Amino acid sequence: WYWQKEKREPYVNFMKANYPPGFSYEDFGPLFTAEFFDPNQWADILKASGAKYVVLTSKHHEGFTLWGSKYSWNWNAVDVGPKRDLVAELAISVRNRTDLHFGLYHSLFEWFNPLFLEDATNVFKTRKFPTSKSLPELYEIVTKYQPEIIWSDGNGNAPDTYWNSTGFLAWLYNDSPVRDTVVTNDRWGAGSICTHGGFYTCSDRYNPGHLLPHKWENCMTIDKRSWGYRRNAQLDDYLPIEDLVKQLVETVSCGGNLLMNIGPTHDGRIAVVFEERLRQMGAWLEVNGEAIYGTKPWRAQNDTVTPEVWYTFSPKEGKVNAIFLNWPVSGTLELGEPQAKLGETQVKLVGYKELLKWVALGEKGILIALPQLTPKQLPCQWGWTLQLTAIN
């Protein structure tokens, strides 16, 4: 897009300097080899991350499908490049080795597809592209791979009526093989984002910082500057685990899910920096998962007195979880929101055996004495959870 459509100078010059004259985008097809792609290894890394669902990009805006689509002749991973059905391989591994829900991302439009460009020229009064390419592909991936999440994207400024989104969704929720399990997002045509859908995505890297009345998702990237793999990325370009934990905690407190993007390499690897971040997240969730999984937003999302404290509520146990991202130097943590009850309220640090001492601060608020622990004795790094029971 930057090279061929926007003709941005650095991209044009890079292609001139590093590729033969007349090299086209299609010539990248055979160079996408995936020779190191090991779906079992991917599934194991995904499981270790503590994730509950995975969304694979089955087709992006350039139209190349990662399965052997009969509607994408000679422009798919079975005919060109890897010569493998990458969607099927990952779906099988994820289902055999993990309890993750398997989802697929699919771009409605395609930047350079002549049928789409023709429809766009006709101000979408003609519908050659959705009827011959986009919709048949959607029916194909649902029937073939039975994904439990359909993550639609890329409306090409065309309305949902052009895409026949309501027709497809009616089939998906009533007659498709995943009708009882499937979940969808909100990108089904111009004007539908953040307005219609199972969960809202509102924008990329969306993190409102306050409670929304509808289920939503913060879809963001570990590489701050890209959704794909960049060979020239610097260490600084990757979010550190502290920032990722912060994103997770803020998102869940405000009723959202976190979708953390990684870009694999052309030869099929998850780069070790991404693997490390995913495994770190999994290590954090192993300790603090009860403050994340199966929780609901509490009446307050973050604390009014101490910054970087976020709340979730565990309805089954009736516990309020206060997740704090900075361990206080003083050894005491003041929370302005909880109303404690003398003789009833109990405070526990997740991953530490003994109950903590606390005092109430008037009508509202509680001062908690944290245990004096060496770095080795801490239950985890990057953020800690206090569980409060019998809180108003």
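Given the structure is predicted, the values throughout are model-derived calculations rather than measurements.

A.B. asks: Can you break down the overall build of the protein chain residue by residue, with the values?
C.D. replies: In terms of regular secondary structure, the protein chain is built from 9 helices and 14 strands. Here the protein chain has a C-alpha radius of gyration of 24 Å; the compact-globule value for 392 residues is 21 Å, and the two agree. With respect to the three principal axes, the spread of C-alpha positions in the protein chain is 75 × 45 × 40 Å. Here the protein chain, with 392 residues, has 50% of them falling under the buried criterion. Sequence-distant contacts in the protein chain: of pairs separated by 6 or more residues, those separated by 24 or more amount to 64%. Accessible surface, the protein chain as shown: approximately 19,300 Å² in total, 53% of it carbon and sulfur.

A.B. asks: Can you explain the pairing of strand E2 (residues 101–107)? Please cite residues and give values.
C.D. replies: Across the 7 residues of E2, 6 count as buried, placing the element largely inside the fold. Crossover strand E1 (residues 53–59) to E2 through helix H3 (residues 86–97) is right-handed. Looking at chain direction, E2 and strand E3 (residues 149–153) are connected through 5 bridges and run parallel. The partner of Leu104 across the bridge, within E3, is Ile150.

A.B. asks: An account of the UniProt feature "site: May be important for catalysis" (unreviewed entry) in the protein chain is requested, with residue identities and associated values reported.
C.D. replies: With numbering aligned to this structure, UniProt lists the feature "site: May be important for catalysis" (unreviewed entry) at Cys219. Within the secondary structure, Cys219 sits in strand E5 (residues 216–221). For Cys219, a relative accessible area of 7% puts it in the buried group. The residues touching Cys219, leaving out its near neighbours within four places in the chain, are Trp151, Asp204, Arg205, Tyr206, Trp227 and Leu259.

A.B. asks: I'd like to hear about the UniProt feature "domain: Glycoside hydrolase family 29 N-terminal" (unreviewed entry) in the protein chain, residue by residue, with values.
C.D. replies: UniProt records the feature "domain: Glycoside hydrolase family 29 N-terminal" (unreviewed entry) at residues 1–290, using the numbering of this structure. What you have in residues 1–290 is 35% helix and 11% strand, and the ends, taken at the C-alpha atoms, are 43 Å apart.

A.B. asks: Tell me about a nonpolar patch on the surface, and please be specific about residues and values.
C.D. replies: Side chains of Trp1, Tyr2, Tyr11 and Phe112 sit close together on the surface and give an oily, nonpolar patch of about 380 Å² of accessible area. Relative to the elements of secondary structure, Phe112 occurs in the loop between E2 and helix H4 (114–121). Looking at Phe112, the relative accessible area reads 38%, which means it is partly exposed.

A.B. asks: Explain the sheet that holds strand E12 (residues 358–360) to me, and be specific about the residues and the numbers.
C.D. replies: Spatially, 3 strands are ordered E9-E13-E12 in an open sheet, and the strand pairing comes out antiparallel. Since the sheet does not close on itself, it has two edges, and those belong to strand E9 (332–335) and E12, each with one partner. Within the sheet, the average angular offset between the axes of one strand and its neighbour, ignoring direction, is 15 degrees. In terms of strand pairing, E9 meets strand E13 (residues 366–369) through 4 bridges, oriented antiparallel. Of the residues in E13, the one forming a bridge with Glu334 is Leu367.

A.B. asks: Pulling in residues and values, what's your account of the pattern of salt bridges?
C.D. replies: Scanning all chains against the criterion turns up 20 salt bridges. Residues Lys246 and Glu250 are paired through a salt bridge, measuring 3.0 Å at the closest nitrogen-oxygen approach. Of this pair, Lys246 and Glu250 both sit in helix H8 (residues 241–253), separated by 4 residues, roughly a single helical turn. The class for Lys246 is partly exposed, based on a relative accessible area of 28%.

A.B. asks: Which residues make up the domain arrangement of the protein chain, and what are the values?
C.D. replies: When the domains of the protein chain are assigned, the result is domain 1 (9–291) and domain 2 (296–389). The gap between the C-alpha centroids of domain 1 and domain 2 is 37 Å. Taken together, the contacts link 18 residues of domain 1 with 19 residues of domain 2. Interface area lost by domain 1 to domain 2 is led by Ser253, Trp284 and Ala291, which between them contribute 30%. The interface formed by domain 1 and domain 2 includes 1 salt bridge. For the salt bridge of Lys246 with Glu308, the shortest nitrogen-to-oxygen distance reads 3.2 Å. Taken together, the connections running from domain 1 to domain 2 amount to 7 residue pairs in polar contact (both at pLDDT 80 or more). Looking at the side of domain 1 that touches domain 2, the elements that each hand over two or more residues are H8 and helix H9 (272–288). When residues in the side of domain 1 that touches domain 2 are grouped by element, the largest group, 8 residues, is from H8. A class-by-class count of the residues in the side of domain 1 that touches domain 2 yields 9 nonpolar, 5 polar and 4 charged.

A.B. asks: Tell me what's going on with the sheet that holds strand E7 (residues 309–314), and back it up with residues and numbers.
C.D. replies: If you walk across this open sheet you meet the 5 strands as E7-E8-E14-E10-E11, and the pairing is antiparallel. Only two strands of the sheet have a single neighbouring strand rather than two, namely E7 and strand E11 (355–356). Pairing between strand E8 (residues 319–324) and strand E14 (residues 384–389): 5 bridges, direction antiparallel. When the bridges of E14 are listed, Val320 appears paired with Leu388. Along the sheet, H8 contacts E7 and E8; its crossing angle with E7, the most-contacted strand, is approximately 50 degrees.

Cut-offs used in this document
- Residues numbered from 1 in each chain as written.
- Predicted model: local features only at pLDDT ≥ 70, side-chain atom pairs only at ≥ 80, totals over all residues.
- Heavy atoms only, no water.
- Helix = DSSP H or I, 4+ residues; strand = E, 2+ residues; numbered from the N terminus.
- Rg over C-alpha atoms; globule rule 2.2 N^0.38 Å.
- Buried < 20%, exposed > 50% of the residue type's maximum accessible area, 1.4 Å probe, protein only.
- Contact = heavy atoms within 4.5 Å.
- Areas by Shrake-Rupley, 256 points an atom, 1.4 Å probe, with all protein chains shown as cover.
- Right-handed = clockwise from strand over helix to strand, strands pointing away.
- Pairing = 2+ DSSP bridges.
- UniProt positions renumbered as here; feature names shortened; annotations may be inferred.
- Patch = residues over 30% accessible without salt bridge, like charges linked within 9 Å, V, L, I, M, F, W, Y side chains within 5 Å.
- Salt bridge = Lys/Arg side-chain N within 4 Å of Asp/Glu carboxyl O.
- Axes fitted to C-alpha atoms, helices over the stretch in contact; angles between N-to-C directions.
- Domains from an automatic or database assignment.
- Buried area = accessible area lost by both parts, 1.4 Å probe.
- Polar contact = N/O pair within 3.5 Å; in protein donor to acceptor, adjacent residues only side chain to side chain.
- Nonpolar A, V, L, I, M, F, W, Y, C, P; charged D, E, K, R; others polar.

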